[in-house]
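So you can see what is in the structure, the chains are spelled out below.
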Amino acid sequence: MTGVATGMTLLHRDGQRFRFDAGALCLELLLTGGPGPVASRYEVLDRVDGLLGWVKDCRLPAGLAPAVTDAELAAVREVRDALWGLALAQARGERLDPGALAVLNAAAAEPPLAALVQEDGTRAWAPGATGTGLLATLARDAVELLTGPYADRIRECGADDCALLFADTSRPGRRRWCSMDRCGNRSKVREHRARTS
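1. What about helix α6 (residues 131–147)?
Right, so step 1: With 17 residues, α6 ought to run about 24 Å at 1.5 Å a step, and its terminal C-alpha atoms sit 24 Å apart, in line with that.
Right, so step 2: Where burial is concerned, most of α6 is hidden: 12 out of the 17 residues are buried.

As structure tokens, this is what we get:
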């Protein structure tokens, strides 16, 4: 799990753009779609270009361009869907599904992406990056999240109509919304209207 404070710009169906910090790389993967009702709304991982576009936007350092096969893309979708269930269960204090854990652990057991330092002191990705290496890196980040200091801070957005999950990495640990610019602001407006009505 990276310690970089970052976020992604999301575009809601209503046209509003807002910043969302998932708190962990693996939770950013959930922004690509998912199982059940999430799949009916959107799916980014239906083609390799969708995954590569996500790689450019996520918190991984720039310059990564893995070669991804269709089988690797299917494996990324499988791990992502398992991670949805695991993260939701963790957020709700429920038992983690053994089948989903097996999917995640199998991916984490593969060799991850490798970074290197270039002669000018900058960071780069080792040549030969693959979809399997990307998936192992994502799965290891999920293992770190689910077993690390933020495991009990995986949360669902407090808005009734928002399905985003995040790891609350704030110092006080009281984050309630996916984004104050979106759901937090809408909640404050509703509370203000209720008080002044």
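Here the narrative resumes, following the displayed structure.
2. Focus on helix α5 (residues 98–108)
Right, so step 1: Every buried residue of α5 is listed here: A100, L104, A107 and A108. Burial along α5 is one-sided: seen end-on, the buried residues are contained in an arc of 105°.
Right, so step 2: Measuring from the backbone nitrogen of G99 back to the side-chain oxygen at the start of α5 gives 3.3 Å, which picks out D97 as the cap.

3. Observations regarding the environment of A139
Right, so step 1: Tracing the backbone through its elements, the reader meets A139 in helix α6.
Right, so step 2: Residue class for A139 comes out buried when judged on its relative accessible area of 0%.
Right, so step 3: Along the primary structure A139 and A108 are separated by 31 residues, whereas in three dimensions their C-alpha atoms are 4.8 Å apart.
Right, so step 4: In this view, A139 contacts L104, A107 and A108; residues no more than four positions away in its chain are not counted.

4. Examining the packing of helix α4 (residues 70–92) against α5
Right, so step 1: The geometry of α4 relative to α5 is characterised by a closest axis approach of 9 Å and an angle of 130° between their N-to-C directions. Between α4 and α5, the angle falls in the class oblique. The chirality of how α4 crosses α5 is left-handed. Along the contact surface, α4 presents E78, V79, A82 and L86, while α5 presents A100, L101, V103, L104 and A107.
Right, so step 2: When the residues that make up the contact of α4 with α5 are grouped by side-chain class, the tally is 8 nonpolar, no polar and 1 charged.

5. Structural notes on the pattern of salt bridges
Right, so step 1: Overall, the coordinates contain 7 salt bridges when judged by the stated rule.
Right, so step 2: With a shortest N-O distance of 2.8 Å, R59 and D21 are connected by a salt bridge. Placement of R59 in the loop between α3 (48–57) and α4 and of D21 in the loop between β2 (17–20) and α1 (25–29) is noted, with a sequence separation of 38 residues between them.
Right, so step 3: Take D21: its relative accessible area is 22%, and that puts it in the partly exposed class.
Right, so step 4: With its nearest N and O atoms 3.8 Å apart, the salt bridge here joins D46 to R47.
Right, so step 5: Taking the relative accessible area as the measure of exposure, D46 reaches 52% and is therefore exposed.
Right, so step 6: Using a relative accessible area of 48% as the deciding quantity, one classes R47 as partly exposed.
Right, so step 7: Through salt bridges with shared partners, a single ionic network connects D21, E28 and R59.

Basis of the calculations
Residues numbered from 1 in each chain as written. Predicted model: local features only at pLDDT ≥ 70, side-chain atom pairs only at ≥ 80, totals over all residues. Heavy atoms only, no water. Helix = DSSP H or I, 4+ residues; strand = E, 2+ residues; numbered from the N terminus. Expected span 1.5 Å × (residues − 1). Buried < 20%, exposed > 50% of the residue type's maximum accessible area, 1.4 Å probe, protein only. Arc of directions from axis to C-beta. Polar contact = N/O pair within 3.5 Å; in protein donor to acceptor, adjacent residues only side chain to side chain. Contact = heavy atoms within 4.5 Å. Axes fitted to C-alpha atoms, helices over the stretch in contact; angles between N-to-C directions. Parallel < 35°, antiparallel > 145°, perpendicular 65-115°, else oblique. Left-handed = near helix turned anticlockwise from the far one by under 90°. Nonpolar A, V, L, I, M, F, W, Y, C, P; charged D, E, K, R; others polar. Salt bridge = Lys/Arg side-chain N within 4 Å of Asp/Glu carboxyl O.

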